[in-house]
Amino acid sequence: TQLLEQSPQFLSIQEGENLTVYCNSSSVFSSLQWYRQEPGEGPVLLVTVVTGGEVKKLKRLTFQFGDARKDSSLHITAAQPGDTGLYLCAGYNNAGNMLTFGGGTRLMVKP
Amino acid sequence: DAMVIQNPRYQVTQFGKPVTLSCSQTLNHNVMYWYQQKSSQAPKLLFHYYDKDFNNEADTPDNFQSRRPNTSFCFLDIRSPGLGDAAMYLCATSRDRRFSYEQYFGPGTRLTVT
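A short tour of the structure in this document, coming up.

Conventions used here
- Residues numbered from 1 in each chain as written.
- Chains lettered and ligands numbered in written order.
- Predicted model: local features only at pLDDT ≥ 70, side-chain atom pairs only at ≥ 80, totals over all residues.
- Heavy atoms only, no water.
- Core = buried A, V, L, I, M, F, W, Y, C linked by side-chain atoms within 4.5 Å.
- Buried < 20%, exposed > 50% of the residue type's maximum accessible area, 1.4 Å probe, protein only.
- Helix = DSSP H or I, 4+ residues; strand = E, 2+ residues; numbered from the N terminus.
- Contact = heavy atoms within 4.5 Å.
- Pairing = 2+ DSSP bridges.
- Polar contact = N/O pair within 3.5 Å; in protein donor to acceptor, adjacent residues only side chain to side chain.
- Disulfide = S-S within 2.5 Å.

## Structural notes on the nonpolar core
Then, number 1: With 20 residues, the main nonpolar core has Leu 19, Leu 32, Trp 34, Leu 74, Ile 76 and Leu 107 of chain A as its most contacted residues.
Then, number 2: For this core, the secondary structure elements donating two or more residues are strand S3 (19–24), strand S4 (31–37), strand S5 (44–49), strand S7 (61–65), strand S8 (71–76), strand S9 (85–92) and strand S11 (105–110) of chain A.
Then, number 3: Those residues within four positions of Leu 19 of chain A in sequence are excluded, and the remaining contacts are Leu 11, Ile 13, Leu 74, His 75, Ile 76, Ala 79 and Leu 107 of chain A.
Then, number 4: Counting 18 residues, the second-largest nonpolar core is a separate cluster that includes Val 19, Leu 21, Ala 87 and Val 113 of chain B.

Here it is, written out as structure tokens:
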């Protein structure tokens, strides 16, 4: 079973601060996805990274896939209260047929 | 426009009383998934349909069943809900099972068992 560990589990910061969320595994993933989930709603896909070392930017969010495709990070610049939510990473195994979720990082951005 | 629709959004059932949750999709995707998500935890895959082919996860209790009468609809049946089955149930779809095909989630149904 492939496991994904996310850290930190909880993060409470002030508006305008920067933050990084990590997603780590001892296994190789063929691709990795990041989702954001608001209370009472389903996860919404933010980005998919496929190539080792790949960096993708989505406005103030920067996603990086590790060179060995075992880890990923999400960096948010100048966080805003609207960024509040549960951030989930999820990776596909090498066969590409099983999606494993990390435990999630619950982010709260205070005005 | 909603792409993955789940009904109802909130469901209350009694201990041991069968309940059915529904999911529909307008994406014409081949794969439909059911996940269980408990408070502050990651979604846990229960099973999925690849077209009409049912795939059960090894640790999914027998209490949970699923039906997919056509491409657009998929149902989750809980035969005898226990208090531990209270959770958010998420339906997701993808065009195919391979990693290049992203999963799209519905808004979820929050199940309460009294």
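## Here we look at the pairing of S5 of chain A
Residues and elements named next belong to chain A.
Then, number 1: Where S4 meets S5, five bridges bridge the pair, whose relative direction is antiparallel. Each bridged residue has a counterpart across the sheet, and for Tyr 35 the counterpart in S5 is Leu 45.
Then, number 2: Taken together, S4 and the strand that follows it, S5, pair antiparallel across an intervening segment of six residues, in which Gly 40 is found at a positive phi of about 80°.

## Some points on the side chain of Ser 72 of chain A
All names here are of chain A.
Then, number 1: Residue placement: Ser 72 occurs in strand S8.
Then, number 2: Looking at Ser 72, its side chain comes within polar contact range of the main-chain oxygen of Gln 64, at 2.6 Å.
Then, number 3: Those residues in contact with Ser 72, other than ones at most four positions away along the chain, are Val 21, Tyr 22, Cys 23, Leu 32, Trp 34, Gln 64 and Phe 65.

## Examining the state of the cysteines
Then, number 1: For the structure on display, the rule yields two disulfides over all chains.
Then, number 2: For Cys 23 of chain A, the disulfide goes to Cys 89 of chain A, at an S-S distance of 2.0 Å. Here Cys 23 of chain A and Cys 89 of chain A share a disulfide; its torsion about the S-S bond, 75°, makes the bridge right-handed. Here the residue Cys 23 of chain A occupies a position in strand S3, and Cys 89 of chain A occupies one in strand S9, the gap between them amounting to 66 residues. Both residues of the pair, Cys 23 of chain A and Cys 89 of chain A, belong to the buried class.
Then, number 3: Unpaired in this structure, Cys 74 of chain B has its nearest cysteine sulfur neighbour in Cys 91 of chain B, at a distance of 6.1 Å.

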